[in-house]
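Fold and geometry: a report
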Amino acid sequence: QAEDGIRDRSPSRGLGDVYKRQHQLRAARKQLEGTVNDTLLAAARNYYNLLLKEALLQIRIKAVERSEEQVNQNTQLEANGLATYLDVLQARTQLARDRQDLLTQQSARRVAAIQLAHTLNISLGQDLIPAGRLVQKQRLISRDFLINELLAYAVDNRPELKQFEELRKAAKAQIPIAAAPLHPKVNLNGDVYGIGTKLNNLGALFVLNFGVNWTLGNLGLSDTANIQAARWQARQALIRANKQFVDVFEQVRSSYADTLIAEQKIEQANEQVASAQEELRLARLRLDAGLGTNLDVLTAQRDLTQAYIDQAEAVISFNLTQVELLRDIGLISVDTLTSGLSISKPKN
């Protein structure tokens, strides 16, 4: 506070300009940190998107294999008189749909690889493959954190908050710069004369000149207008800084809520997969026993494929919400993204 007060009261245009440029430099550095954080977030999003597309591709491949197996089985049953030609056609139709979905997924996976390569600024011609193709839940922030604690982390670490605070101080430093032309210029000088008849007995005569020069261009109206404009700019900078605080708090709260919801969706997706697996098993048993139909098996196959897709999307969605929350509290970095360890509360 004392430092700010000295800056605000400084009548020197040059000194005030130095303070202003210092704050602008600090703001530029914080803006660079924010850009790095946004780039890491974009890279993580594209990586998880590629991982999801790769997982969905494997799911589509398994779906095609199951459909081919069903076609072969129905063809044999039809040859032995145990199934109709309609059953064979239905199985072939399902196989054709699964193959079409597989082709679409292959294209989507390639597009995801191109997007990640573009973000990493590497050759778009090479096909990126995730090192670990297993889709699994990755917690980056301990669930022990409360929302107020996460907000405190954001206040301490988000570079955007420090950036706009420095811009506010830079705008505030412009006020004394604009007021400098209205300040008078003071000159003080003097002379010393020796008075006396002999050199060894001279008295001193001091003559001091004190001058005040006050120049007001246009009766000071232009400078007064510049001061008022600087005050308005400082006010706008304060409003932008306050708005940035509100935006950061909104981002943290939204990401925190998304994380809680995404974690619940994983549990529901796991139950959906278990139910679909049992549905397919029973449908095949009923078909073999003559109690079910071919449509029941095909429907169960589609349900199982969709259950696997929902499960993979739920896990990736949770991982992405963790990355976004990590960025929103200002702790995103290469180390926190790749260490495999979650950020925990400091021990008291």
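Residues numbered from 1 in each chain as written. Predicted model: local features only at pLDDT ≥ 70, side-chain atom pairs only at ≥ 80, totals over all residues. Heavy atoms only, no water.

Focus on the environment of Ser342
- Note that Ser342 resides in the segment after α8 (334-338).
- Residue Ser342 is classed as partly exposed on the basis of its relative accessible area of 32%.
- Beyond its immediate stretch of four places on either side in the chain, Ser342 contacts Arg139, Leu140, Ile141 and Ser142. (Helix = DSSP H or I, 4+ residues; strand = E, 2+ residues; numbered from the N terminus. Buried < 20%, exposed > 50% of the residue type's maximum accessible area, 1.4 Å probe, protein only. Contact = heavy atoms within 4.5 Å.)

As for the confidence of the model for the protein
- Predicted confidence across the protein gives a mean pLDDT of 85, with 89% of residues reaching 70 or more.
- Note on residues 1-11: pLDDT under 50 across the span, and twelve contacts to partners over four residues away in sequence or across chains. (pLDDT = per-residue confidence, 0-100.)

Notes on the pattern of salt bridges
- In total, this model carries 19 salt bridges according to the counting rule given.
- The salt bridge involving Arg109 is made with Asp127; its shortest N-O contact spans 2.9 Å. Separated by 18 residues along the polypeptide, Arg109 in helix α3 (residues 85-120) and Asp127 in the loop between α3 and α4 (147-157) bring together distant segments of the chain.
- Put simply, Glu278 and Arg281 hold a salt bridge, and the shortest N to O gap is 2.6 Å. Taken together, the positions of Glu278 and Arg281, both in helix α6 (residues 221-288) and three residues apart, correspond to about one turn of that helix.
- With relative accessibility at 41%, the residue Arg281 sits in the partly exposed group.
- Three or more residues joined by partner-sharing salt bridges are found here, namely Asp38, Arg158, Glu160, Arg327 and Asp328. (Salt bridge = Lys/Arg side-chain N within 4 Å of Asp/Glu carboxyl O.)

Looking at helix α5 (residues 159-179)
- Taking 1.5 Å per residue as the helical rise, α5 with its 21 residues ought to reach 30 Å, and the 31 Å between its terminal C-alpha atoms agrees with that figure.
- With 15 of 21 residues buried, α5 lies mostly within the body of the structure. (Expected span 1.5 Å × (residues − 1).)

Focus on the packing of α4 against α5
- Running from amino to carboxyl end, α4 crosses α5 at an angle of 50°, the nearest separation of the two axes being 6 Å. When the interaxial angle is binned, α4 and α5 end up oblique. Contacts between α4 and α5 pair Ala154, Val155, Asp156 and Asn157 from the former with Pro159, Leu161 and Lys162 from the latter.
- Taken together, the residues that form the contact of α4 with α5 break down as four nonpolar, one polar and two charged. (Axes fitted to C-alpha atoms, helices over the stretch in contact; angles between N-to-C directions. Parallel < 35°, antiparallel > 145°, perpendicular 65-115°, else oblique. Nonpolar A, V, L, I, M, F, W, Y, C, P; charged D, E, K, R; others polar.)

Some thoughts on the packing of aromatic side chains
- A complete count under the given rule lists three aromatic pairs for this structure.
- Geometrically, the ring pair formed by Phe245 and Phe249 is edge-to-face, given 6.4 Å between the ring centres and 85° between the ring planes. Residue Phe245 and its partner Phe249 are located together in helix α6, separated by four residues, close to a single helical turn.
- What makes Phe245 partly exposed here is its relative accessible area of 29%.
- Taking the relative accessible area as the measure of exposure, Phe249 reaches 30% and is therefore partly exposed.
- Just above the ring of Phe318 sits the side chain of Lys137; from NZ or CZ to the centre is 5.0 Å. (Phe/Tyr/Trp six-rings, centres within 6.5 Å; stacked < 30°, edge-to-face > 60°. Lys NZ or Arg CZ within 6 Å of the ring centre and 35° of its normal.)

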